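# Summary of structural features
Take a look at the letters that make up each chain.
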Amino acid sequence: MNFGYKPPVELELYEKVGDRVKELMHTKGFTVRSLAQKLKDESVFQSYSTAKRFIMDIRNGYINLLIGNYIGRSKSKLDSNLERIAYIFSTVGIGSEEEAIRIVKNKNPGFVYPLKQD
């Protein structure tokens, strides 16, 4: 018998989002460090190390860890993570009609993108 592990479709979709973020970061000349510093400077994150970890998680497709619904997840933390993802998408230049946006919105209908300008 073959007991091979097949990841859930959701995780495969999040990997697609991560691949798109990587592609656009490369196109725009961002490294994880430079993007993390930019987001910290813009007060999206309070610390550089948190921004760096968050970006690495997104690039690796670990978005479910950030926005997945599980017991103990507070709504304010979920909303904060969704907003941070929107900032990252906006900074790297993901278009509002791209598949990456649809993937995140399908799991989280409250995801707002593009960001509202004040």
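Residues numbered from 1 in each chain as written. Predicted model: local features only at pLDDT ≥ 70, side-chain atom pairs only at ≥ 80, totals over all residues. Heavy atoms only, no water.

Contact geometry for helix H1 (residues 9-28) and helix H6 (residues 99-107): axes closest at 9 Å, N-to-C directions at 140 degrees. When the interaxial angle is binned, H1 and H6 end up oblique. Crossing of H1 over H6 shows left-handed handedness. Along its contact with H1, which presents Glu-10, Leu-13, Tyr-14, Lys-16 and Val-17, the element H6 presents Glu-99, Ala-100, Ile-103 and Lys-107. For the contact of H1 with H6, the class distribution of residues is 5 nonpolar, no polar and 4 charged. (Axes fitted to C-alpha atoms, helices over the stretch in contact; angles between N-to-C directions. Helix = DSSP H or I, 4+ residues; strand = E, 2+ residues; numbered from the N terminus. Parallel < 35°, antiparallel > 145°, perpendicular 65-115°, else oblique. Left-handed = near helix turned anticlockwise from the far one by under 90°. Contact = heavy atoms within 4.5 Å. Nonpolar A, V, L, I, M, F, W, Y, C, P; charged D, E, K, R; others polar.)

With that out of the way, let us pick up H1. With 20 residues, H1 ought to run about 28 Å at 1.5 Å a step, and its terminal C-alpha atoms sit 29 Å apart, in line with that. Within the span of H1, buried status applies to Tyr-14, Val-17, Gly-18, Val-21, Leu-24 and Met-25. Down the axis of H1, the smallest arc covering the buried residues is 130 degrees, so these residues share one side. Projecting away from the buried face of H1 at angles above 90 degrees are the exposed residues Val-9, His-26 and Thr-27. (Expected span 1.5 Å × (residues − 1). Buried < 20%, exposed > 50% of the residue type's maximum accessible area, 1.4 Å probe, protein only. Arc of directions from axis to C-beta.)

A few words now on the environment of Ser-96. Assignment of secondary structure puts Ser-96 in the loop between helix H5 (75-92) and H6. For the pair formed by Ser-96 and Val-112, sequence separation is 16 residues and the distance between their alpha carbons is 9.9 Å. Here Ser-96 is in contact with Ile-101, Tyr-113 and Pro-114, once residues within four sequence places are set aside.

Moving on, we get to the environment of Leu-24. Among the structural elements, Leu-24 can be located in helix H1. Residues Leu-24 and Thr-91 lie 67 residues apart in sequence; the distance between their C-alpha atoms is 9.6 Å. Excluding anything up to four places from it in sequence, Leu-24 contacts Val-92, Gly-93 and Ile-94.

Judged by nonpolar contacts, the single largest core of 34 residues is most densely connected at Ile-67, Phe-89, Ile-94 and Phe-111. Apart from the residues lying within four places of it in its own chain, the contact partners of Ile-94 are Arg-20, Val-21, Leu-24, Phe-89, Ala-100, Ile-101 and Tyr-113. (Core = buried A, V, L, I, M, F, W, Y, C linked by side-chain atoms within 4.5 Å.)

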